[in-house]
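Okay, here's what each chain looks like letter by letter:
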Amino acid sequence: MTHWRHAEATDTGLVRQSNQDAVYVDDSLAIVADGMGGHAAGEVASEMTIEIMCSGFVDHRTVEGLYNAINAANISVLNDARENPNHFGMGTTVIALGLTVDDEGVTSPTLCHVGDSRAYQLRDGALRQLTEDHSVAEEWVRMGRLTPEEAAVHPRRHQLTRGIGVEETIAVDVISVHALSGDRLLLCSDGLSNELDNDTLARLSSAPFTLEESVLQLIEAAKEAGGRDNITAVLVEFDEVSVASAPIKRTISSTTPPVARAAAPAKSIRRKRRRLSWRTPAALLIFIGVFVGAYFVVHWYAYSTYYLGSDTGTVAVYQGQPSGILWFKPIKVADTNYQVSALRNTDQSQLSQTIPEPTLAAAIDYATYLCSQAKSCNASIPSSTTTTSTTTTLKKG
Ligand code: MG
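Residues numbered from 1 in each chain as written. Predicted model: local features only at pLDDT ≥ 70, side-chain atom pairs only at ≥ 80, totals over all residues. Heavy atoms only, no water.

Asker: Looking at this structure, I do not really get unusual backbone geometry. What am I missing?
Answerer: Note: most residues except glycine have negative phi, and most peptide bonds are trans. Note the cis peptide between Ala207 and Pro208, where omega equals 15 degrees. Locating Pro208 in the fold gives a position in the loop between helix H6 (198-205) and helix H7 (211-224). (Helix = DSSP H or I, 4+ residues; strand = E, 2+ residues; numbered from the N terminus.)

Asker: Quick question: what am I supposed to make of the sheet that holds strand S7 (residues 118-123) here?
Answerer: Two pairing modes exist for strands in a sheet, parallel and antiparallel, and in both the strands are linked by backbone hydrogen bonds. One open sheet accounts for five strands, arranged S1-S11-S10-S7-S8; its pairing is antiparallel. Two strands lie at the open edges of the sheet, namely strand S1 (3-11) and strand S8 (126-129), each paired on one side alone. Averaged over neighbouring strand pairs, the angle between their axes works out to 20 degrees when direction is ignored. With nine bridges joining them, S1 and strand S11 (residues 231-240) adopt antiparallel strand pairing. (Pairing = 2+ DSSP bridges. Axes fitted to C-alpha atoms, helices over the stretch in contact; angles between N-to-C directions.)

Asker: Hey, could you run me through the environment of His60 in this one?
Answerer: Summarising the element assignment, His60 is placed in the loop between helix H1 (41-58) and helix H2 (63-83). Expressed as a C-alpha distance, the spacing of His60 and Thr100, which sit 40 residues apart in the sequence, is 8.7 Å. Ignoring sequence-local partners within four residues, the contact set of His60 consists of Gly65 and Leu66. (Contact = heavy atoms within 4.5 Å.)

Asker: Got a minute to help me understand the coordination of the magnesium ion in this structure?
Answerer: When four donors bind a metal tetrahedrally, each ideal donor-metal-donor angle is 109.5 degrees, and when six bind octahedrally, the ideal angles are 90 or 180 degrees. Taken together, Asp34 (OD), Asp190 (OD) and Asp229 (OD) make up the full set of protein donors to the magnesium ion, lying 2.1 to 2.3 Å away. Sequence positions of the residues that donate to the magnesium ion give the spacing D-x155-D-x38-D. In this pair, Asp190 sits in helix H5 (residues 190-193) while Asp229 sits in the loop between H7 and S11, placing the two residues 39 residues apart along the sequence. In terms of burial, Asp190 and Asp229 fall into one category: buried. (Donors = N, O, S within 2.8 Å, 3.2 Å for Na, K, Ca; no water. Buried < 20%, exposed > 50% of the residue type's maximum accessible area, 1.4 Å probe, protein only.)

Asker: How should the sheet that holds strand S13 (residues 306-311) be read in this particular structure?
Answerer: Read from one edge of the open sheet, four strands run S15-S14-S13-S16, paired in antiparallel fashion. One side of each edge strand has no neighbouring strand; the edge strands of this open sheet are strand S15 (331-339) and strand S16 (355-357). Going across the sheet, the axis of each strand differs from the next one's by a mean of 30 degrees, ignoring polarity. Bridge count between S13 and strand S14 (residues 314-319): six bridges; the pairing is antiparallel. Each residue of the ladder has a partner; that of Tyr306, found in S14, is Gln319. Contacts from helix H11 (residues 360-373) reach S13, S14, S15 and S16, with the element oriented near 45 degrees to S13.

Here it is in structure tokens:
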């Protein structure tokens, strides 16, 4: 029988107006979710994720049960955002630690992880990070494109490559934790890990401090360091471990699970008959006004961003959403005479996925950067127009 003791704390921090982090811990499940999205939508996403995961795991305390619970939460958050305009764009990270039972009835700790909330293991005062952040900067570290020191201050360190509520399919890191009696595990949102270095995390999380003392002083230390984000910390300590499982880490990409399909509300196919009164000009004017307003809002959103892509083998800058929105397709606004094939392999790979940028100037700057990293650069930026389409990523608010 594996058993843990636990303590947890969460705090709004010193800058944010609300706490969009959510936390849950009981005797077999611990979850931290870091929500994102305006109009309190981040709170909705993080709390919805925890609620659905708890109800999914309670009856299926297996690795598959934990993984399916994340999938179900992902689909529910996605559907809610599609149906409620106030929740548009909401999402959340999630780090979940469950005591899962295998076919032989042996209980062991398993982590499931999406986003940049983290899990650390503490043994004899030493800290080891168990999870890898799913952010652009950390992906570039793993590709050898940035050093960890560069990633820590890179502007894309908060831009997530995976999140709950982004797409119908989701890749989940599943980690079987090798735990011994006396080990502690720390789960936290980035509001803690961004403010405190590993030495401080290890010192404050370890004995002789009790679990309760540790989580409270972690929160206070993060606030003293700036408190620029919501801060959440969960500590569990194993006081009994049935079998120290072999450490296994794998990433599982989902298809939409049956349980998630069932959670999606059915579309009504019944059509209401409504008599349109052509004798009421005001109603017609309101309709036209709403339509025109919606047109301009969609048009603004469709062309509110830029990205780098390739056009007949050269680096080009496009304005718009890579996959387009309705009839608003991306427009090529600048190109270079620099050959994509001359770029570094990692840059070619990024370019094939498109590289989002907030402004035209930023896109051109980054194109120039790509050129500078190749053997030679003689790009020029004349204007032209054409169209194309590809994919995109999620940026944390
Ligand atoms: Mg955060």
